[in-house]
Amino acid sequence: MEATNADNEKQLCRFIAEKHERFLSQYLQEVASLERIFVLQEEIDQFNHWISAGKLNYSERKSRAVAELNSLSRNTSKKINAKRIEAIKLKIKEHEAALGYWRGRGGS
């Protein structure tokens with residue numbers, strides 16, 4: 001009976017570790033997308049400034065950046081800012097720590 005409890009505990013630990021791996025994967029993808037959106041928003045603002053100042057013609061590059069931004073933005077409904085990105089990075093660290101704990105406890 002003792003081996004069964006140990007096996008059950010290892011199985012539970014593996015299950016919890018898999019859950020944290022799924023969360024990590026989702027958060028890492030979201031951070032990459034949000035960081036790109038954030039950069040594109042800043043880039044478009046700069047293009048608008050340059051275009052309105054008449055100094056440089058960046059209309060084509062701006063159009064490509066806007067198209068990419070629109071494509072990425074379809075997957076997120078919230079406002080993108082550095083604070084949100086940092087909050088997601090904190091969640092990633094928390095899940096990495098939890099994953100390490102549960103993998104260690106499960107013996108994997």
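Coordinates for the structure precede this section.
Anyway, here's the lowdown on the structure attached to this text. (Residues numbered from 1 in each chain as written. Predicted model: local features only at pLDDT ≥ 70, side-chain atom pairs only at ≥ 80, totals over all residues. Heavy atoms only, no water.)

Points about the packing of aromatic side chains
Here comes step 1: Per the stated rule, a full pass over the model turns up two aromatic pairs.
Here comes step 2: Between the aromatic rings of Phe 23 and Tyr 27, the centroid separation amounts to 6.3 Å while the plane-to-plane angle is 20°, which identifies the pairing as stacked. Of the two residues, Phe 23 and Tyr 27 are both situated in helix H1 (residues 2–53); the distance of four residues between them amounts to about one turn of the helix.
Here comes step 3: With relative accessibility at 30%, the residue Phe 23 sits in the partly exposed group.
Here comes step 4: Centre to centre, the rings of Tyr 101 and Trp 102 are 5.0 Å apart; their planes meet at 85°, and the pair counts as edge-to-face.
Here comes step 5: Trp 102 sits in the buried class, given a relative accessible area of 19%. (Phe/Tyr/Trp six-rings, centres within 6.5 Å; stacked < 30°, edge-to-face > 60°. Helix = DSSP H or I, 4+ residues; strand = E, 2+ residues; numbered from the N terminus. Buried < 20%, exposed > 50% of the residue type's maximum accessible area, 1.4 Å probe, protein only.)

Section: the pattern of salt bridges
Here comes step 1: In the structure shown here, the tally under the stated rule is six salt bridges.
Here comes step 2: Glu 21 is paired through a salt bridge with Arg 103; the nearest N and O atoms lie 2.2 Å apart. Of this pair, Glu 21 sits in helix H1 while Arg 103 sits in helix H3 (residues 82–106), and the two are 82 residues apart along the sequence.
Here comes step 3: The exposure class of Glu 21 is partly exposed, given its relative accessible area of 33%.
Here comes step 4: Residues Glu 30 and Arg 84 are paired through a salt bridge, measuring 2.9 Å at the closest nitrogen-oxygen approach. In this pair, Glu 30 is assigned in helix H1 and Arg 84 in helix H3, connecting sequence segments 54 residues apart.
Here comes step 5: Residue classification places Glu 30 among the partly exposed positions, given a relative accessible area of 26%.
Here comes step 6: Overall, the relative accessible area of 15% leaves Arg 84 in the buried class. (Salt bridge = Lys/Arg side-chain N within 4 Å of Asp/Glu carboxyl O.)

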